[in-house]
Amino acid sequence: MGVEIAVEGLTKAFGKQVIWEDVTLTLPEGKISVLLGPSGTGKSVFLKSLVGLLRPERGHIWIDGHDLANCSENKLYELRRLFGVLFQDGALFGSLSLYDNVAFPLREHTRKSEREIRDIVMEKMELVGLGDAGAKLPGEISGGMRKRAGLARALVLDPEIILFDEPDSGLDPVRTANLNQLIVDLNAETQATFLIVTHDINTARTVPDDIGMLYRRELVMFGPREMLLSSDEPVVRQFLNARRHGPIGMSEEKDVSELEAEASMGQDPGRLPPIPPQLLPSDGRLRPTMRPPGEWLARHGVTAPPGSFVDDEGRDWVEEYPKLLMASGRSRG
Ligand SMILES: Nc1ncnc2c1ncn2[C@@H]1O[C@H](COP(=O)(O)OP(=O)(O)OP(=O)(O)O)[C@@H](O)[C@H]1O
């Protein structure tokens, strides 16, 4: 089971360059959260700060009653073992086979025998669909396979928190969709706490329980998926609609005169598209942290954009979800 991470008033700067300040959010245990934001807003810096690779200037990162942002090196070493990280390119050692790459953390951090290591490595490689590829070198396989191998390696110490740095970068839409399904399945399986940094709008719209967005050196919003996907906040709307018009420009932010010019030409960040149903685990189970579709909207008196929660096969998940809930209750009972 995952652990909660409570980030409080976190600020990171490099010299005089403030990357973001006063970031406060909670990644609830077992949930999938996504962090969005235009390029250069410091999403990777945020991930590295969470895992203690970068030390913030101010603020706290509470995990299990310990402040990772302000603890001793020894404590940090201990807390890091709670984390598995999937770096952008998989961060594999080029001269080691996939098997040895995945076995590496077990050989470094545990005293397990090679036989025990073999069982764990094979289990994780099978989980990511690479059961037959152990002998291959990273240079011999595709980018998607390298990411899955990186994921298997991130999983070998059974982490309670898994961080994904742009898991979809460099992947085609089909491979991205497969990886997203794998992420949802892994969350259902491990119930670890997941944070995904991504640019991919489809990932952000369909995978997470919660979404946050960094912009102009601050966290503009963080909350349930339906809250962000129905938001009127111009920067959120522009980003999630992938529009050119709105506060985000080529060099990250536009100045007031550019925005006024756009407004006078009647260019707005666009209507809200329908909210898609959230991706389910492939075996059709419900993850414990999922919210029923439409629940947040109904509770806050917000009307869903027309066509929301309807999947590719025309099923309306506001109606389907209770049936699945009853069926899964029955199968549990
Ligand atoms: N170690 C470092 N020293 C100095 N500046 C850094 C360091 N790491 C990152 N930065 C700066 O922090 C800013 C944010 O970088 P970061 O890579 O976190 O952005 P990002 O939101 O992940 O961008 P992208 O979406 O393009 O990957 C950039 O201006 C970058 O140059």
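Quick caveat, the model's predicted, so the values are computed rather than measured.

Student: Sorry if this is basic, but what is going on with the nonpolar core here?
Tutor: Within soluble globular proteins, side chains that are nonpolar generally end up buried alongside one another. By size, the foremost hydrophobic cluster in this structure holds 75 residues, and its most contacted members are Ile-61, Val-102, Ala-152, Leu-163, Ile-183, Ile-196 and Met-213. In this structure, this core is formed jointly by two domains, domain 1 (5-228) and domain 2 (231-264), each of which donates at least three residues. Setting aside residues no more than four positions away along its own chain, Val-102 makes contact with Val-121, Lys-124, Met-125, Ala-149, Ala-152, Arg-153 and Val-156.

Student: Explanation requested: the domain arrangement of the chain in the structure shown.
Tutor: Where interface size is given, it is often the accessible area lost as the parts come together that is meant. Once the domains are mapped, the chain shows domain 1 (5-228) and domain 2 (231-264). Taking only C-alpha atoms into account, the centre of domain 1 sits 29 Å from that of domain 2. Contacts between the two partners involve 13 residues from domain 1 and, on the opposite side, ten residues from domain 2. The greatest single-element share of the side of domain 1 that touches domain 2, amounting to three residues, is contributed by helix 7 (residues 201-206). Class assignment of the residues belonging to the side of domain 1 that touches domain 2 gives a composition of ten nonpolar, one polar and two charged.

Student: Looking at this structure, how should I read the site of the ligand?
Tutor: Lining the immediate environment of the ligand, one finds Phe-14, Ile-19, Gly-37, Ser-39, Gly-40, Thr-41, Gly-42, Lys-43, Ser-44 and Val-45. In terms of residue count, the dominant contributor to the shell around the ligand is helix 1 (residues 43-50) (three residues). Partitioning the shell around the ligand into residue classes produces three nonpolar, six polar and one charged.

Student: Explain the sheet that holds strand 7 (residues 161-165) to me, please; I cannot follow it from the model alone.
Tutor: Picture the strands of a sheet paired through backbone hydrogen bonds; they go either parallel or antiparallel. Ordered in space as 6-7-8-3-9-10, the six strands form an open sheet in which the pairing is mixed. Strands with a single pairing partner mark the edges of an open sheet, and in this sheet they are strand 6 (83-86) and strand 10 (218-224). The sheet shows a mean angle of 15° between the axes of neighbouring strands, direction not considered. Across five bridges, the pairing between strand 7 and strand 8 (residues 193-197) is parallel. Opposite Asp-165, over in strand 8, you have Val-197 as the bridge partner. Across the sheet, helix 1 touches strand 3 (32-36), strand 7, strand 8 and strand 9 (210-215), and the angle it forms with strand 7 is around 155°. Running at roughly 170° to strand 6, helix 5 (residues 143-155) makes contact with strand 6 and strand 7 of the sheet.

Student: Just checking my understanding: could you explain the sheet that holds strand 4 (residues 58-63) for this structure?
Tutor: With antiparallel pairing, the four strands of this open sheet are ordered in space as 2-1-4-5. Both edges of this open sheet fall to strand 2 (17-27) and strand 5 (66-67), since each of them pairs with a single strand only. The sheet contact formed by strand 1 (residues 5-14) and strand 2 spans seven bridges and is antiparallel. For Phe-14, the partnering residue across the bridge sits in strand 2 and is Gln-17. Sitting on the sheet, helix 1 touches strand 1, strand 2 and strand 4, and the angle it makes with strand 1 is about 120°.

Student: Help me understand helix 6 (residues 173-190), please; the structure alone is not making it clear to me.
Tutor: Three or four residues apart is the spacing at which side chains of an α-helix point the same way, because the helix has 3.6 residues per turn. In this model, helix 6 (18 residues) spans 25 Å end to end at C-alpha, consistent with the 26 Å of a helix rising 1.5 Å per residue. Listing the buried residues of helix 6 in full gives Leu-179, Asn-180, Ile-183, Val-184, Leu-186, Asn-187 and Ala-188. Where helix 6 is buried, its residues touch strand 3, helix 5, strand 7, strand 8 and helix 7.

Student: Looking at this model, I keep getting lost on the environment of Asn-178. Mind explaining?
Tutor: Examined against the element boundaries, Asn-178 turns out to sit in helix 6. Note on Asn-178: 15 C-beta atoms within 10 Å, which makes it partly exposed.

Student: Just to check I follow, could you spell out the packing of helix 3 (residues 98-109) against helix 4 (residues 114-127) for this structure?
Tutor: If you want to describe how two helices pack, look at the angle between their axes and the distance between the axes. With their axes 10 Å apart at the nearest point, helix 3 and helix 4 run at an angle of 125° to one another. Compared by their axis directions, helix 3 and helix 4 come out oblique. Helix-helix and strand crossings are classified by hand; for helix 3 and helix 4 the assignment is right-handed. Only Ile-117, Ile-120, Val-121, Lys-124 and Met-125 of helix 4 make contact with helix 3, whose side of the interface consists of Tyr-99, Val-102, Ala-103, Leu-106 and Arg-107. Looking at the contact of helix 3 with helix 4, its residues break down into eight nonpolar, no polar and two charged.

About the cut-offs
Residues numbered from 1 in each chain as written. Predicted model: local features only at pLDDT ≥ 70, side-chain atom pairs only at ≥ 80, totals over all residues. Core = buried A, V, L, I, M, F, W, Y, C linked by C-beta atoms within 7 Å. Buried ≥ 20, exposed ≤ 12 C-beta atoms within 10 Å, placed from the backbone. Domains from an automatic or database assignment. Contact = placed C-beta atoms within 7 Å. Helix = DSSP H or I, 4+ residues; strand = E, 2+ residues; numbered from the N terminus. Nonpolar A, V, L, I, M, F, W, Y, C, P; charged D, E, K, R; others polar. Near = placed C-beta within 6 Å. Pairing = 2+ DSSP bridges. Axes fitted to C-alpha atoms, helices over the stretch in contact; angles between N-to-C directions. Expected span 1.5 Å × (residues − 1). Parallel < 35°, antiparallel > 145°, perpendicular 65-115°, else oblique. Left-handed = near helix turned anticlockwise from the far one by under 90°.

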